[in-house]
Amino acid sequence: MPLFTALTLLLACDQGFVDPSREYGPPVADAPAKVSRVHVPTSLGAVDTPRRDIHGAPIGVSCATCHAGPGEDAIVVGDEGNPEQMHGTIELLHGGLACDACHEPTDRRLLHLADGAKIEMAEAMKLCAQCHGPQARDYQKGAHGGMTGYWDLRQGERVRNHCVECHAPHSPKPPQVQPAPRAVDRVVFPASETH
Amino acid sequence: MEDTSRRTTLKALGATLGAAAFARAMAPLAAWPEDLSIDELLQRHYKELSRDDMVRVLRRLEQETLDQYGAVVTIDDVRPIPEVQFGYALNLSVCVGCRKCAEACHVENNHDRATNQSYIRVLEIKNGSVDLAMGTVDYDHAVPKKGRSYMPVQCHQCDNAPCVSVCPIEATWKEPDGIVVVDYNWCIGCRYCEAACPYHARRFNWHKPEIPAEEINPDQAYLSNRVRPQGVMEKCTFCLHRTRKGRLPACLEACPTGARVFGNMLDPNSEIRWVLENKRTFVLKEDLGTRPRFFYFFDK
Ligand code: SF4
Ligand code: SF4
């Protein structure tokens with residue numbers, strides 16, 4: 001019995017650190033919170049052309065290249081009579097919306113909100129939020145949308161994805177992708193369907 | 001006379017047996033692995049190391065990685081941040097099963113290249129089914145497939161962890177910030193913990209991991225992603241070498257759908273708290289009483 005007691009005591013003592021200063025790291029200094037900013041992709045305010053770069057990605061042309069200023073007809077360059085040439089790569093699969101539902105007809109470099117207020121392309125998320133309320137709320141709370149950086153804003157900043165980085169504005173449903181290769185496990189868990 | 005001779009015989013027999021037993025006891029020394037140093041053999045349990053001991057161990061392990069893999073790495077003893085309790089949640093409504101998380105884990109945590117190991121397994125299950133046993137992990141068609149849902153599974157960092165209680169030598173334990181860790185130098189590789197884990201979250205190093213020097217992630221911690229020896233257990237540590245320095249886990253950063261939410265559950269303004277308070281979250285196999293820190297939720 002005494003042996004048993006001694007063993008129990010020994011095990012009980014074994015829980016903590018012999019050097020208690022090793023249990024925790026240093027406390028984080030209460031630095032002012034770093035920002036959590038939204039990344040604005042360059043694809044905003046540009047349209048894909050049929051041309052490809054060396055990586056095979058479509059070459060974009062800024063809207064302002066042709067639509068140089070306010071006014072529906074303010075086109076300085078290009079094929080005025082044939083807008084299909086520039087916009088032909090766009091497949092519009094967004095809830096049956098027409099171009100002007102989002103794009104500002106009096107200035108093609110801009111977007112407009114539901115009340116007609118004009119906004120810059122970079123502010124597009126305000127426009128998305130008008131129809132997609134629950135997603136916008138979840139985004140604000142950090143529960144929707146990818147991010148990189150720090151969970152602890154005392155220690156570093158965080159960069160949030162913009163809506164259009166995952167949802168192409170003209171066809172927002174993300175396409176199917178090929179998954180990354182799986183692990184070659186000794187144990188296949190659970191049993192494969194094919195077995 | 002007769003008696004004496006019997007005694008002599010017995011003595012001789014005893015000596016033979018003794019020699020055989022001695023030889024047997026010493027056999028492991030004959031099979032002493034070349035890469036096992038005396039320092040490593042005599043190394044104490046992680047919690048029994050003083051700061052100075054720890055520094056010596058870290059420098060030795062860095063040297064070993066250089067000798068064995070040709071890679072210059074930094075191994076730190078990254079300790080928990082006071083007043084932080086980690087939690088992780090995953091949105092099953094948006095996960096598409098792309099395995100980008102598993103791939104990021106593979107790279108971040110210096111997994112064996114040949115087996116493409118990762119601490120994350122993504123289950124593909126029929127829509128509306130909760131029968132995980134009918135799910136598959138070896139799909140390779142384009143995702144998301146119509147009529148299928150995806151459920152990534154990794155260590156749930158249980159507060160009542162069965163893997164911890166079964167370990168016969170306390171080589172695995174729960175840290176103050178909630179992460180369950182393994183001392184790879186203390187583990188004897190009995191695999192009890194692997195059998196005990198209801199989420200199948202532990203991996204065993206059947207082989208010495210093979211990783212080209214230029215692919216080794218040099219930012220390492222003793223309790224997480226340093227290259228593991230052969231014959232020991234390993235598991236997800238919520239990337240403690242990143243998260244204990246305030247950074248997001250590698251799998252979260254890699255997720256293209258934003259399905260993953262990570263943070264400090266003690267901070268009332270954190271994203272993870274908002275999810276726990278406002279979404280219908282659930283844990284896997286709740287009935288087992290493991291009390292996971294990994295939560296699943298749906299948008300609707
Ligand atoms: S990376 Fe994200 S979307 Fe892809 S399988 Fe992992 S959790 Fe799901
Ligand atoms: S495999 Fe290692 S960590 Fe797991 S129970 Fe055995 S000794 Fe403990």
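Cut-offs used in this document
Residues numbered from 1 in each chain as written. Chains lettered and ligands numbered in written order. Predicted model: local features only at pLDDT ≥ 70, side-chain atom pairs only at ≥ 80, totals over all residues. Heavy atoms only, no water. Helix = DSSP H or I, 4+ residues; strand = E, 2+ residues; numbered from the N terminus. Buried < 20%, exposed > 50% of the residue type's maximum accessible area, 1.4 Å probe, protein only. Contact = heavy atoms within 4.5 Å. Areas by Shrake-Rupley, 256 points an atom, 1.4 Å probe, with all protein chains shown as cover. Buried area = accessible area lost by both parts, 1.4 Å probe. Salt bridge = Lys/Arg side-chain N within 4 Å of Asp/Glu carboxyl O. Polar contact = N/O pair within 3.5 Å; in protein donor to acceptor, adjacent residues only side chain to side chain. Nonpolar A, V, L, I, M, F, W, Y, C, P; charged D, E, K, R; others polar. Near = heavy atom within 4 Å. Pairing = 2+ DSSP bridges. Axes fitted to C-alpha atoms, helices over the stretch in contact; angles between N-to-C directions. Arc of directions from axis to C-beta. Disulfide = S-S within 2.5 Å. Phe/Tyr/Trp six-rings, centres within 6.5 Å; stacked < 30°, edge-to-face > 60°.

Participant: I keep staring at the overall build of chain A and nothing clicks. Help me out?
Facilitator: Looking only at helices and strands, chain A has 6 helices and 7 strands in total. Sequence-ordered secondary structure for chain A, helices as α and strands as β, is α-β-β-β-α-α-β-β-α-α-β-β-α. A buried classification covers 25% of the 195 residues belonging to chain A. In chain A, of all internal contacts separated by at least 6 residues, the share reaching a separation of at least 24 is 46%. Carbon and sulfur atoms provide 61% of the accessible area of chain A, an area that totals close to 12700 Å².

Participant: What exactly am I supposed to notice about the interface of chain A and chain B here?
Facilitator: One frequently used descriptor of interface size is the decrease in accessible area upon assembly of the parts. Listed per partner, the contact involves 50 residues of chain A and 66 residues of chain B. Roughly 5100 Å² is buried in total at the junction of chain A and chain B, and carbon and sulfur atoms are behind 52% of that figure. At the junction of chain A with chain B, the criterion picks out 3 salt bridges. Among the ionic pairs, A:Asp138 bridges to B:Lys279, the shortest N-O distance being 2.6 Å. Summed over the shared surface of chain A and chain B, the number is 25 residue pairs in polar contact (both at pLDDT 80 or more). Here the element with the most residues in the side of chain A that touches chain B is strand β6 (residues 147–149) of chain A; it accounts for 3 residues. Per-class residue counts for the side of chain A that touches chain B are 23 nonpolar, 13 polar and 14 charged.

Participant: Would you mind going over the site of ligand 2 with me for this structure?
Facilitator: What surrounds ligand 2 is a group of 13 residues, the closest being B:Cys167, B:Cys187, B:Cys190, B:Arg191 and B:Cys193. Classifying every residue of the shell around ligand 2 by side-chain character gives 10 nonpolar, 2 polar and 1 charged.

Participant: Hey, could you run me through the site of ligand 1 in this one?
Facilitator: If you check the shell around ligand 1, you find B:Cys95, B:Val96, B:Gly97, B:Cys98, B:Arg99, B:Lys100, B:Cys101, B:Pro152, B:Cys255, B:Pro256, B:Thr257 and B:Arg260 and nothing else. Among the residues forming the shell around ligand 1, the class breakdown is 7 nonpolar, 2 polar and 3 charged.

Participant: So what exactly am I meant to see when it comes to the sheet that holds strand β1 (residues 36–38) of chain A here?
Facilitator: Residues and elements named next belong to chain A. Strands sit in the order β1-β7-β6 across an open sheet of 3 strands; the sheet is mixed. Edge positions in the open sheet fall to β1 and β6, since each of these has one partner strand only. Going across the sheet, the axis of each strand differs from the next one's by a mean of 25°, ignoring polarity.

Participant: Sorry if this is basic, but what is going on with helix α4 (residues 124–131) of chain A here?
Facilitator: Quick reminder: α-helices carry 3.6 residues per turn. Residues three or four places apart thus point the same way. Residue and element names in this part refer to chain A. Of all the positions in α4, only Ala124, Met125 and Leu127 are classed as buried. Projection of α4 onto a plane perpendicular to its axis shows the buried side chains occupying an angular sector of 155°, all on one side. Buried-residue contacts for α4 involve β1, β4 (111–112), β5 (118–119), α5 (133–140) and α6 (163–166).

Participant: I tried to follow the side chain of B:Gln117 on my own but got confused; where do I start?
Facilitator: Inspection of the secondary structure puts B:Gln117 in the loop between α4 (100–108) and β3 (121–126). A relative accessible area of 11% means that B:Gln117 is categorised as buried. A polar side-chain atom of B:Gln117 sits 3.1 Å from a polar atom in the side chain of B:Arg203. Dropping the residues within four chain positions of it, B:Gln117 is found in contact with A:Ala183, A:Asp185, B:His106, B:His111, B:Asp112, B:Arg203 and B:Glu234.

Participant: In this structure, what is going on with the state of the cysteines? I would like to understand it.
Facilitator: Disulfide: a covalent bond formed between the sulfur atoms of two cysteine residues. For the structure on display, the rule yields 0 disulfides over all chains. Take B:Cys158: it sits in no disulfide, and the sulfur closest to it among the cysteines is that of B:Cys155, at 6.3 Å.

Participant: What am I meant to see in the pattern of salt bridges here?
Facilitator: Once the charged atoms of two side chains with opposite charge are near each other, the side chains can pair. Within the structure shown, the criterion is met by 29 salt bridges over all chains. Linking A:Arg158 and B:Glu271 is a salt bridge whose minimum nitrogen-to-oxygen distance equals 2.7 Å. Here the residue A:Arg158 occupies a position in strand β7 (residues 158–160), and B:Glu271 occupies one in helix α9 (residues 271–278), the pair thus bridging two chains. A salt bridge links B:Glu215 to B:Arg113; the nearest nitrogen and oxygen atoms lie 2.6 Å apart.

Participant: Where do I start with the pairing of strand β3 (residues 58–62) of chain A in this structure?
Facilitator: The two faces of a sheet get side chains in turn, since along a regular strand they alternate between them. All names here are of chain A. Where strand β2 (residues 46–52) and β3 come together, 4 bridges link them in antiparallel fashion. Paired with Val47 across the bridge in β3 is Val61. Here β2 folds back onto β3, and the loop between the two strands holds 5 residues, one of which, Gly56, carries a positive phi near 90°.

Participant: Explain the pairing of strand β2 (residues 86–91) of chain B here, please?
Facilitator: All names here are of chain B. Counting buried positions over the 6 residues of β2 gives 6, a clear majority of the element. Along β2, one buried face is formed by Phe86, Tyr88 and Leu90 and the opposite face, lined by Gly87, Ala89 and Asn91, is buried too. As defined by bridge partners, β2 adjoins strand β10 (residues 260–264) across 5 bridges and the pair is classed as antiparallel. Looking at β10, one finds that Leu90 is bridged to Arg260. Two elements, β2 and strand β12 (residues 294–297), share 4 bridges in a ladder whose sense is parallel. Following the sheet pairing, Leu90 is matched in β12 by Tyr296.

Participant: Would you explain unusual backbone geometry in this entry?
Facilitator: The general pattern is negative phi for most residues beyond glycine and trans for most peptide bonds. All names here are of chain B. In this structure, the amide linkage connecting Val143 to the following residue, Pro144, adopts the cis form with an omega of -5°. The phi angle at Glu83 is positive, at roughly 60°, despite the residue not being glycine. Residue classification places Glu83 among the exposed positions, given a relative accessible area of 70%. Its identity as a non-glycine residue notwithstanding, Asn110 has a phi of 50°, on the positive side.

Participant: Just checking my understanding: could you explain the packing of aromatic side chains for this structure?
Facilitator: How two aromatic rings sit relative to each other is given by the distance of their centres and the angle of their planes. The tally for this structure, following the rule as stated, stands at 15 aromatic pairs over all chains. Here A:Trp151 and B:Phe262 contribute two aromatic rings whose centre-to-centre distance is 6.5 Å and whose plane-to-plane angle is 75°, an arrangement assigned as edge-to-face. Here A:Trp151, found in the loop between β6 and β7, pairs with B:Phe262, found in strand β10, and the two come from separate chains. The class of B:Phe262 is buried, set by a relative accessible area of 3%. Aromatic side chains B:Tyr88 and B:Phe294 sit 5.2 Å apart centroid to centroid with 50° between the ring planes, which places their arrangement in the tilted category. Pair noted here: B:Tyr88 is in strand β2 and B:Phe294 is in strand β12, with a separation of 206 residues, a long-range link.

Taken by themselves, the reported measurements are silent on function.
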